[in-house]
Amino acid sequence: MVLEKEMPDKDKIFTEMLNQYEKLAFSICYKMTGSYFDAEDLTQETFLSIYKSLGSFDGNNPGGFVTRIAVNKCLDFLKRADRRAVPTEENVLLENASSVPPPEERVLQEETKRELVKACSTLKPPYNQVATDYYCNGMTAAQIAGITGKKLKTVQTQVRRAKEMLRKKARKEGII
């Protein structure tokens, strides 16, 4: 009995912790969940856990104690929320959508590629082949240099000049 009178009252300690750290716990919960209402619920759960575990709390670093419990409550909540999430029809469709473009877009891409091949072929040599390899066949300057035996800088210069020629041709034809 003497020990109980010497020990601080559990309710008093809890009330002091609640008054001092309630806003901290709420802000942690709100930052982690992004929901005001979930943060309120988790703050209540945090302080319920604190009250239940006050017997094992040594009194050192109460802010850290509150923070640790609040973070753990939020992590548990977020794990449960992920498991409870039901995929919506739109999400399922987006996840299962193929990477193949729609038919209209495919036709436009094919037409654009044909026009690009045609424009590249009208350039003077060696720019016609470099432009075709680079822009139509998707080769890098290093790959073109390896195949043709030219220096990399030479191919890079030819690609840049071919690009400028194609740009002038597109402006002249009113494409750009």
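First, a word on scope: everything that follows refers to the structure included in this document. (Residues numbered from 1 in each chain as written. Predicted model: local features only at pLDDT ≥ 70, side-chain atom pairs only at ≥ 80, totals over all residues. Heavy atoms only, no water.)

## Focus: the overall build of the protein
Secondary structure summary: the protein contains nine helices and zero strands in total. Helices (α) and strands (β) of the protein occur, in sequence order from the N terminus, as α-α-α-α-α-α-α-α-α. Relative to its 176 residues, the protein shows a buried fraction of 24%. Sequence-distant contacts in the protein: of pairs separated by 6 or more residues, those separated by 24 or more amount to 53%. Working note: accessible area of the protein is about 13,200 Å², and carbon and sulfur atoms make up 55% of it. (Helix = DSSP H or I, 4+ residues; strand = E, 2+ residues; numbered from the N terminus. Buried < 20%, exposed > 50% of the residue type's maximum accessible area, 1.4 Å probe, protein only. Contact = heavy atoms within 4.5 Å. Areas by Shrake-Rupley, 256 points an atom, 1.4 Å probe, with all protein chains shown as cover.)

## Quick notes on the pattern of salt bridges
One pass over the full model with this rule turns up two salt bridges. As a salt-bridge pair, Arg 114 and Glu 111 come within 2.8 Å of each other at their nearest N and O atoms. Of the two residues, Arg 114 and Glu 111 both sit in helix H6 (residues 103–121), three residues apart, roughly one turn of that helix. With a relative accessible area of 49%, Arg 114 lands in the partly exposed category. (Salt bridge = Lys/Arg side-chain N within 4 Å of Asp/Glu carboxyl O.)

## A closer look at helix H3 (residues 36–53)
With 18 residues, H3 ought to run about 26 Å at 1.5 Å a step, and its terminal C-alpha atoms sit 26 Å apart, in line with that. Of the residues making up H3, those classed as buried are Ala 39, Leu 42, Thr 43, Thr 46, Phe 47 and Ile 50. Buried residues of H3, viewed axially, fall in a sector of 140 degrees; they line one side. For H3, the exposed residues set more than 90 degrees away from the buried face come down to Phe 37, Gln 44 and Lys 52. (Expected span 1.5 Å × (residues − 1). Arc of directions from axis to C-beta.)

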